[in-house]
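What follows is the residue order along each chain.
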Amino acid sequence: MRKLVAAGNWKMNTMLSSAGDLASALAGKVKQDDSIEVILCPPFPYLTTVKEKVSGSSIQVGAQNCYHEAEGAFTGETSVGMLQDVGCDWVILGHSERRHVMGETDGAINKKVVAALAKGLGVILCVGELLEERKADKTNEVLETQMKGGLSGVSADDLKNVIIAYEPVWAIGTGVTASTEEAESAHDFLRKWLTSNYNAESADSMRILYGGSVKPDNAEDLMSQRNVDGALVGGASLKADSFGGIIDAAQKLAKG
Ligand code: PGA
């Protein structure tokens, strides 16, 4: 049985006090609950504060990016070791905004994935197609390229520390959510890809999250699909009420 994940990607939002307040409110709600996993991914400057505010709860903290080198003259970058030093358990890699706004390639993403896993930092690897790629019937092709590229050199053993997030780019921040059928079909494709490129055990235990305009009112339907194991949430993770509603949906499904 795969444990459902509710992950909040705060992107470049919040300030010190609002980040702390949001983390405190969610810690008070989640408390110690091991029926699901809740991960908060605030901007770098607020990682320490968020980590402090969620201490005593089961909430984990993740970063939104990292660099593959361990240290040195890399102005503006943040290493895996630094993230672990401030209490991160996870890092989001390959988010569509990194790919399409910052121009990150599968090769650059792969170096980060390998560096994070080598140090035992969990990776939430995002994959997803553009609208024109979906319209041209290229969704699976794009997913395959991004999985192959992102996970190059990653062993089945290291895969235990990976979560995949399927995030169709056309659904991110647009209010347009993939239908449950569209989400399930992409997730099913990803799990089959894992079976043929790794093995059935790795594929069965992999959590594959859906991301793209997840809200409290669509979270339960999406997460109840057979191959959807939780949500990576942007906009709706910025308010305790709306992210709380998504956590409620996951807890309800987890507890049957
Ligand atoms: P959204 O973002 O929930 O605001 O669509 C999701 C994401 O980018 O991870």
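Preceding this section is the structure that the text describes.
Residue numbers run consecutively from 1 along every chain, following the written order of its sequence. In keeping with the predicted nature of the model, local features appear solely for residues at pLDDT of at least 70, side-chain atom pairs appear and are counted solely at 80 or more, and the whole-chain, interface and lining totals rest on all residues. Derived side-chain values reflect all non-hydrogen atoms in the structure, with water molecules and hydrogen atoms excluded from consideration.

Caption draft 1: Focus on the overall build of the protein chain. Helices and strands together make up the secondary structure of the protein chain, namely 11 helices and eight strands. With C-alpha atoms as the basis for the radius of gyration, the globule rule is written as 2.2 Å multiplied by the number of residues raised to the power 0.38. For the protein chain, whose C-alpha radius of gyration is 17 Å, the value lies close to the compact-globule estimate of 18 Å for 256 residues. Taken along its principal axes, the extent of the C-alpha atoms in the protein chain is 50 × 45 × 35 Å. Throughout, exposure labels follow a simple rule: accessible area from a 1.4 Å probe, protein chains only, divided by the maximum for the residue type, with under 20% read as buried, over 50% as exposed, and the rest as partly exposed. Taken across its 256 residues, the protein chain has 52% of its residues classed as buried. Throughout, a contact is declared for two residues whenever any of their heavy atoms are within 4.5 Å. Within the protein chain, counting contacts between residues at least 6 apart in sequence, those at least 24 apart form 73% of the total. All accessible-area figures derive from a Shrake-Rupley calculation using a 1.4 Å probe, and residue coverage is judged against the displayed protein chains alone. Only carbon and sulfur atoms are counted for the fraction: they give 50% of the accessible area of the protein chain, which is about 11,300 Å². Within this scheme the basic residues Lys and Arg register as positive and the acidic residues Asp and Glu register as negative, but His and the chain ends are omitted. For charged residues, the charge sits on one atom: NZ in Lys, CZ in Arg, CG in Asp, CD in Glu. A distance of 2 Å separates the average location of the 25 positive side-chain charges in the protein chain from that of its 34 negative side-chain charges. By definition, any uninterrupted DSSP run of H or I lasting at least four residues is a helix, any uninterrupted run of E lasting at least two residues is a strand, and each is numbered from the N terminus.

Caption draft 2: Region of interest: the pattern of salt bridges. For salt bridges, the criterion is a side-chain nitrogen of Lys or Arg within 4 Å of an Asp or Glu carboxyl oxygen. Tallied over the full model, the rule gives 14 salt bridges. Of the charged contacts in the structure, one is a salt bridge between Glu97 and Lys11, with a shortest N-O distance of 2.8 Å. Highlighted residues: Glu97 in helix H4 (residues 96–100) and Lys11 in the loop between strand S1 (5–9) and helix H1 (16–30), separated in sequence by 86 residues. Using a relative accessible area of 28% as the deciding quantity, one classes Glu97 as partly exposed. A salt bridge links Asp229 to Arg191, with the shortest nitrogen-to-oxygen separation between them at 2.8 Å. In this pair, Asp229 sits in the loop between helix H10 (216–223) and strand S8 (230–233) while Arg191 sits in helix H8 (residues 180–197), placing the two residues 38 residues apart along the sequence.

Caption draft 3: Main features of the pairing of strand S5 (residues 122–127). Most of S5 sits out of view: six of its six residues are buried. Alternating residues of S5 divide into Gly122, Ile124 and Cys126 and Val123, Leu125 and Val127, and every residue in both groups is buried. Sheet analysis places strand S4 (residues 90–93) next to S5, joined by four bridges and oriented parallel. Residue Leu93 lies in a different strand from S5, and its bridge partner there is Leu125. We treat two strands as partners when DSSP finds at least two bridges between them. As defined by bridge partners, S5 adjoins strand S6 (residues 162–166) across five bridges and the pair is classed as parallel. Each residue of the ladder has a partner; that of Cys126, found in S6, is Ala165.

All quantities given are derived from atomic positions and should not be read as evidence of function.
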